[in-house]
Each structure stands twice: as structure tokens, then as C-alpha cells.
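Fold and geometry: a report
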Amino acid sequence: GGAVLPSAWMALVVAGAFFQNRPVLVTGGTGFIGRRLVAALLEQGARVRVLTRGSGVEQRFFQPPSAVETAGGDLTDPASLTPACAGVETVFHIAGFAHADADDAPDFAARHWAVNAQGTFDLLDAARVAGVQRFLFLSTVKAVGDPGPRCVAEDWDAPPETPYGRAKRAAEERVLAVGRASEMQTVNLRPALVYGPGMKANLLRLIEAVRLGWLPPLPETGNRRSLVHVDDVVQALLLAAEHPAAAGQTYFVTDGRPYSGRELYRLIRQALGRPLPRWAIPAAVLWGAVNLADGVCGLIGRRDRKARTMLDKLLGWACYDSRRIVNELNYQPVWDLERALPGLVAG
């Protein structure tokens, strides 16, 4: 599941020995994306330091454990970030507080701001003081507002609609402002929903729902949702760290192939070795059932509207055009869901 990326693939991505002996700091290095990034950087010969809140136990995540230096620290403790950045040329800021689905709770909103916005501000300050040359910020497509039924590129500038998105957007704006005002080159990357080995959250729940037969055959509504494989997010990060053209830019990152809800359902069935039913439940019937379910939940005092959220993730739009990073940085997504799913459902 968590295999290191093949050397041939990595050679394709970053030319020559760009990372050889280069000192880099990775925040979030023990997370889903961070661990893949650290493995790729080690393979490239980088000298990797990982910001960690623990006492070194995180090193067990890496092979060999001694290959990675750990720096104790926390995004909510500004004083800890200065030593973490000392002597580093490139910062990959992957850490964040995700839990986007729990956005409504006030304490969650405060945590989003403290970690995703203020934590990034403080890390930028520490990086600038330390003389870091390049700062890569892993943001999210949620840093912009819902585009509705269309595919949008980076010029789509609607304000974000959630505490998570607002905190990430504030961080992005500071990232670019610091880049303009200093010698440090800064880049924002906005991945769509990330999938791959070790993933959690929505796509995993969807696979389980299809596997257990809970999800009825979805209709083809023509909606489009963008996704991206974790290894391609890593590819984008490495390219953005190396490529001069990336400085001062913000890029969407996807696998280049948006999917409809019906297509997601079909691909998961296909990966599970099950035929696609010839019939589908009309969208109006599904929405009616969801409204009913949420209404019943409301009557018994539950207001989370989980059913509606889930159906919107299947039949709603969330489509982002990542041709800009393809054209400017030569990003070439290696994976799409059709190729990745057999391994994911087997896992």
C-alpha cells in the first residue's frame, strides 16, 4: 500500500539531481500526503527534516528511520518554528487542520484559523528569518467558492464559503504577499479531493457503500467532480519546488479527468468485479429521499444533514481545470481513478 514511488517515475518528474543534498523541511510529514512526499524526497537524495509534535516516534513512518531528522514543534507555537526552519532551503508546508465536514462548530472554526491561517503566517515569518529560498503551501480547491455547474480555472475568484476554506485562502494570500515583499519564492497548490493508498474520508466511504450494496445505482446527471491521486500531488509539489516559473503562482492540481457520480459508481463496481445495473434511480427520487431523511433527523433533534452532504458529493459539481500547471510546470498526472481503484478496493 505505502510503497515508495518507482525511481523511473520520479526521474520523469524532477530533472537531474535538483534535490540531492538539498535541506528541506516538511510540515505534516507523517500524514497521508506528507509521508508520500517524504519518501519521494528521500529517494531524490534530499536532506529531510520533518516538523513533529511528538517525541521522535514519528520516525517509524520512514525507511530507514534514521534518514529523516525530526524537529519538535507545532504550528500553534511560533517560537518552535524558527529552529525548525534554520538551515533549510525549501519548506513544504503540508500540515493543516482538515476536518472540513465539521466546519459548522464554532470551536472548529477557531481551530481552522489558528492552524491553517495563523500557523501558516507564523511559519512564513520563521522561514523568511531563516533565509528559506522557496516556500510551497499545500492549500485546497476549497480556498475558492463553489463554482457551480462549470469547470473553472485559477481565474475563478469567488470567496470561500467555509471556515476551512477561508483560513486556507487567508494563508494563500499571505504566502503570495510574503513572496512579493521578500527574496523568498512562494507557491500555492490547490489539490482537488485527494485519493490513493492510505486515504480516509469520502471516497473510502463511497467504496464501502458500493461494496456493501448500500448505494443504489446512481443516475447520469452530467455533473463533474475533480479528483487527484496522492502521488500526483507529490509530483506537483516537487515540480513547484524546482521550477522557476512557479514562483508567485497558485495552481489547481487534479488528475485531469473529471468524473460524474454515475461514472464514480461504475468505476467502483468495475474495480469490485461487479456488473453495472442497467437501471438507475432518478435524481429527483434520490433528492426526495434525502430531504425526507434529513427532515426525520431534524424532528429528533439532529441537524447535521449528512445524507444531503453525501448526495451532493455524488451528484453535485466540483470541477477544476488544472491545465495551467500542465502547461507551465510540465505536470503530467500519472494516475486516474480507473487505474488506481483496483489497488484501492483490494487494500
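Note that the structure is predicted; figures quoted are calculated from it, not measured.

Right, let's get into the nonpolar core. Phe19, Leu37, Leu41, Phe92, Leu189 and Leu237 are the most contacted members of the largest nonpolar core, which totals 37 residues. For this core, the element with the highest residue contribution is helix H7 (residues 230–242), accounting for nine residues. When sequence neighbours within four positions are dropped, the list of residues in contact with Leu37 reads Val26, Phe92, Ile94, Val234, Leu237 and Leu238. Counting 26 residues, the second largest nonpolar core, distinct from the first, contains Tyr195, Met199, Leu286 and Leu344.

Once that is clear, we can look at the pairing of strand E4 (residues 90–93). Neither face of E4 is exposed, since Thr90 and Phe92 on one face and Val91 and His93 on the opposite face are all buried. As paired elements, strand E1 (residues 23–27) and E4 share four bridges and run parallel to each other. Its bridge partner lying in E4, Val26 is registered against Phe92. Sheet topology places E4 next to strand E5 (residues 134–138); four bridges connect them, and they run parallel. The partner of Phe92 across the bridge, within E5, is Leu136.

With their axes 10 Å apart at the nearest point, helix H6 (residues 202–211) and helix H8 (residues 261–271) run at an angle of 65° to one another. Crossing geometry of H6 relative to H8 is assigned as right-handed. Across from Leu206, Ile207 and Val210 in H6, the residues of H8 making contact are Leu264, Tyr265, Ile268 and Arg269. Grouping the constituent residues of the contact of H6 with H8 by class yields six nonpolar, no polar and one charged.

With that out of the way, let us pick up the state of the cysteines. Summed over the entire model, instances satisfying the criterion amount to one disulfide. Put simply, Cys151 and Cys319 are joined by a disulfide, and their sulfur atoms are 1.6 Å apart. A residue pair is termed long-range when its members are at least 10 positions apart, and Cys151 in strand E6 (residues 151–152) and Cys319 in strand E11 (residues 319–320) qualify at 168 residues. We classify Cys319 as buried; its relative accessible area is 0%.

Turning our eyes to something else, we now look at the pairing of strand E2 (residues 47–52). Most of E2 is tucked away: five of the six residues are buried. Relative to E2, E1 runs parallel, the two sharing five bridges. In the strand pairing of E2, Pro23 is matched with Arg47. In this view, the connection linking E1 to its parallel neighbour E2 by way of helix H2 (residues 32–43) has right-handed handedness.

The next point concerns the packing of aromatic side chains. Scanning all chains against the criterion turns up five aromatic pairs. On the numbers, 6.2 Å between centres and 80° between planes, the contact of Trp113 with Phe121 is edge-to-face. Here Trp113 falls in the partly exposed class, since its relative accessible area comes to 41%. Its relative accessible area of 7% is what places Phe121 among the buried residues. What links up through ring pairs into an aromatic cluster is the set Phe18, Phe19 and Phe92.

Attention now goes to the side chain of His93. Looking at the element boundaries, His93 is found in strand E4. Take His93: its relative accessible area is 0%, and that puts it in the buried class. Reaching out from His93, the side chain makes a polar contact with the side chain of Thr27 at a distance of 2.8 Å. One polar contact links His93 to Thr120, side chain to side chain, over a distance of 3.0 Å. With near-sequence residues (within four places) excluded, His93 lies in contact with Thr27, Leu75, Thr120, Leu123, Phe135, Leu136, Phe137 and Leu138.

Strand order in the open sheet formed by seven strands is E3-E2-E1-E4-E5-E7-E10, and the pairing between neighbours is parallel. The sheet terminates laterally at strand E3 (68–72) and strand E10 (250–253), the two strands that pair on one side only. In this sheet, adjacent strand axes meet at a mean angle of 20° when their direction is disregarded. The pairing of E5 with strand E7 (residues 185–191) spans five bridges and is classified as parallel. Within E7, the residue paired with Leu136 across the bridge is Val187. Against the sheet, H7 engages E4, E5, E7 and E10, with an angle of about 155° to E5.

Reading the values: rules and limits
Residues numbered from 1 in each chain as written. Predicted model: local features only at pLDDT ≥ 70, side-chain atom pairs only at ≥ 80, totals over all residues. Heavy atoms only, no water. Core = buried A, V, L, I, M, F, W, Y, C linked by side-chain atoms within 4.5 Å. Buried < 20%, exposed > 50% of the residue type's maximum accessible area, 1.4 Å probe, protein only. Helix = DSSP H or I, 4+ residues; strand = E, 2+ residues; numbered from the N terminus. Contact = heavy atoms within 4.5 Å. Pairing = 2+ DSSP bridges. Axes fitted to C-alpha atoms, helices over the stretch in contact; angles between N-to-C directions. Left-handed = near helix turned anticlockwise from the far one by under 90°. Nonpolar A, V, L, I, M, F, W, Y, C, P; charged D, E, K, R; others polar. Disulfide = S-S within 2.5 Å. Right-handed = clockwise from strand over helix to strand, strands pointing away. Phe/Tyr/Trp six-rings, centres within 6.5 Å; stacked < 30°, edge-to-face > 60°. Polar contact = N/O pair within 3.5 Å; in protein donor to acceptor, adjacent residues only side chain to side chain.

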